[in-house]
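# Breakdown of the fold
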Amino acid sequence: GTDNSINYQSRLDLTGNSYIEVNRFTPEGGFENPETLTTFYPVKTAMVHSFSITEDYLIFFFYPINVNPMEMFSANFHIFEAVHWTDGLDTDIYIVGLKDGKVQHLTTEAMYSLHHANAYQTSKDEIVVDMCEQGHYALKDYLIREKLFNPPETSNMEYIPDYAFARHKINLA
């Protein structure tokens, strides 16, 4: 571990193309002066909620799911009404070297996850990422006001096959 914090932001260049900027915040620089570790242009924009980090790498999964901001108004700002899954696209994986900022791009079958649970390296060429995967439609009703203010009296915690932990082994060689 270190005293550093890592975060990312999606930005637009002067031509309107979306890119990712990865920043490292150090005690010396504070939150006002982050070091830009790297920038990269993803193949597609995606709704990304979390990422993983190991001793040497950051791992981003860009799923074939996106938010159309133009639909926010007609959906009364219910973000999940503006979320769309694109059939036929893979999930893009971006591996960022923490020491040099080098970005590697890989793909895997289409899937969706909001939360990464764990990540570690088994060797310099293999990364393991544990994620809580769910169906891309899982959050559609999550923030509906009526459901937030009137939750069920008992929780339905039965097993749902679309929600499962999955282990992804990423070979860098």
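From a predicted model like this one, the values you see are computed outputs, not experimental measurements. (Residues numbered from 1 in each chain as written. Predicted model: local features only at pLDDT ≥ 70, side-chain atom pairs only at ≥ 80, totals over all residues. Heavy atoms only, no water.)

### Examining the nonpolar core
The tendency in soluble globular proteins is for nonpolar side chains to be buried side by side. This is how the line gets drawn: In this text, buried Ala, Val, Leu, Ile, Met, Phe, Trp, Tyr and Cys residues form a nonpolar core when linked through side-chain atoms within 4.5 Å. Burial status follows relative accessibility: with a 1.4 Å probe on protein chains alone, a residue under 20% of its type maximum counts as buried, one over 50% as exposed, and anything between as partly exposed. Strands here are runs of E lasting at least two residues and helices are runs of H or I lasting at least four, both read from the DSSP assignment and numbered beginning at the N terminus. It only takes one pair of heavy atoms within 4.5 Å for two residues to be counted as in contact.
Membership of the largest hydrophobic core comes to 19 residues, with the highest contact counts inside it found for Ile 59, Phe 61, Tyr 63, Ile 95, Ile 127, Val 129 and Ile 170. Listing elements by their share of this core, those giving two or more residues are strand 5 (57-62), strand 8 (91-97), strand 10 (113-123) and strand 11 (126-133). Beyond its immediate chain neighbours, meaning those up to four positions away, Ile 59 contacts Phe 51, Ser 52, Ile 53, Thr 54, Ile 93, Tyr 94, Ile 95, His 116, Ile 127, Val 129 and Ile 170. Tyr 8, Phe 60, Phe 62 and Leu 98 belong to the second-largest nonpolar core, a separate cluster that totals 14 residues.

### Let's talk about the pattern of salt bridges
Our working definition: In what follows, salt bridge is the name for a side-chain nitrogen of Lys or Arg lying within 4 Å of a carboxyl oxygen of Asp or Glu.
In total, this model carries 6 salt bridges according to the counting rule given. Here Glu 35 and Arg 24 are joined by a salt bridge, their closest N and O atoms 3.1 Å apart. Pair noted here: Glu 35 is in strand 3 (residues 35-40) and Arg 24 is in strand 2 (residues 18-25), with a separation of 11 residues, a long-range link. Since its relative accessible area comes to 15%, Arg 24 is described here as buried. Close ionic contact of Lys 99 with Asp 56 constitutes a salt bridge, the shortest N to O distance being 2.3 Å.

### With respect to the sheet that holds strand 4 (residues 52-53)
Keep this limit in mind: At least two bridges found by DSSP between two strands is the condition for calling them paired.
In space, the 4 strands of this open sheet follow the order 4-5-8-9, with antiparallel pairing throughout. Strands at the two margins of the open sheet, each flanked by one partner only, are strand 4 and strand 9 (103-108). Sheet analysis places strand 5 next to strand 8, joined by 6 bridges and oriented antiparallel. From the neighbouring strand, Phe 61 faces strand 8, where its bridge partner is Ile 93.

### Structural notes on the environment of Thr 39
Its location among the elements puts Thr 39 in strand 3. Overall, Thr 39 belongs to the partly exposed group, its relative accessible area being 41%. Each C-alpha atom, one on Thr 39 and one on Val 22, is 6.1 Å from the other, the two residues being 17 residues apart in sequence. Ignoring anything within four residues of it in the chain, the contact list for Thr 39 reads Tyr 19, Ile 20 and Glu 21.

### Description of the pairing of strand 8
In terms of burial, strand 8 is largely enclosed, as 7 of its 7 residues are buried. Here 6 bridges tie strand 8 to strand 9, and the two strands are oriented antiparallel to one another. Within the sheet, the bridge partner assigned to Asp 92 lies in strand 9 and is Thr 107. Linkage of strand 8 to strand 9, two consecutive antiparallel strands, is achieved through a turn of 5 residues, within which Gly 101 is found at a positive phi near 75 degrees.

### Quick notes on the sheet that holds strand 12 (residues 164-171)
Basically, it comes down to this: To obtain an axis, a line is fitted to C-alpha atoms, over the contacting stretch when the element is a helix, and the angle between two such axes runs from 0 to 180 degrees between their N-to-C directions.
Overall, antiparallel pairing links the 3 strands, which are arranged 10-11-12 in an open sheet. On the outer flanks of this sheet lie strand 10 and strand 12, each paired with one strand and no other. Between one strand and the next, the sheet's axes are offset by a mean angle of 20 degrees, whatever the strand orientation. Bridge analysis of strand 11 against strand 12 gives 8 bridges, and the strand direction is antiparallel. Across the sheet, residue Ile 127 finds its bridge partner in strand 12, namely Ile 170.

### A few points about the pairing of strand 1 (residues 5-12)
When a strand is regular, its side chains alternate between the sheet's two faces. The pairing of strand 1 with strand 2 spans 8 bridges and is classified as antiparallel. Counterpart to Ser 10 in the pairing with strand 2 is Ile 20. Counting the residues between successive antiparallel strands, the hairpin from strand 1 to strand 2 contains 5 residues, one of them, Gly 16, with a positive phi of roughly 90 degrees.

### Some remarks on the packing of aromatic side chains
Short version of the rule: We call Phe, Tyr and Trp rings a pair once their centres come within 6.5 Å, taking the six-membered ring for Trp, and we label the pair stacked below 30 degrees between planes, edge-to-face above 60, and tilted otherwise.
Per the stated rule, a full pass over the model turns up 12 aromatic pairs. Ring geometry for Tyr 63 and Tyr 112: centres 5.2 Å apart, planes at 75 degrees, overall edge-to-face. Of this pair, Tyr 63 sits in the loop between strand 5 and strand 6 (65-67) while Tyr 112 is found in the loop between strand 9 and strand 10, placing the two residues 49 residues apart along the sequence. In this pair, the class of Tyr 63 matches that of Tyr 112, namely buried.

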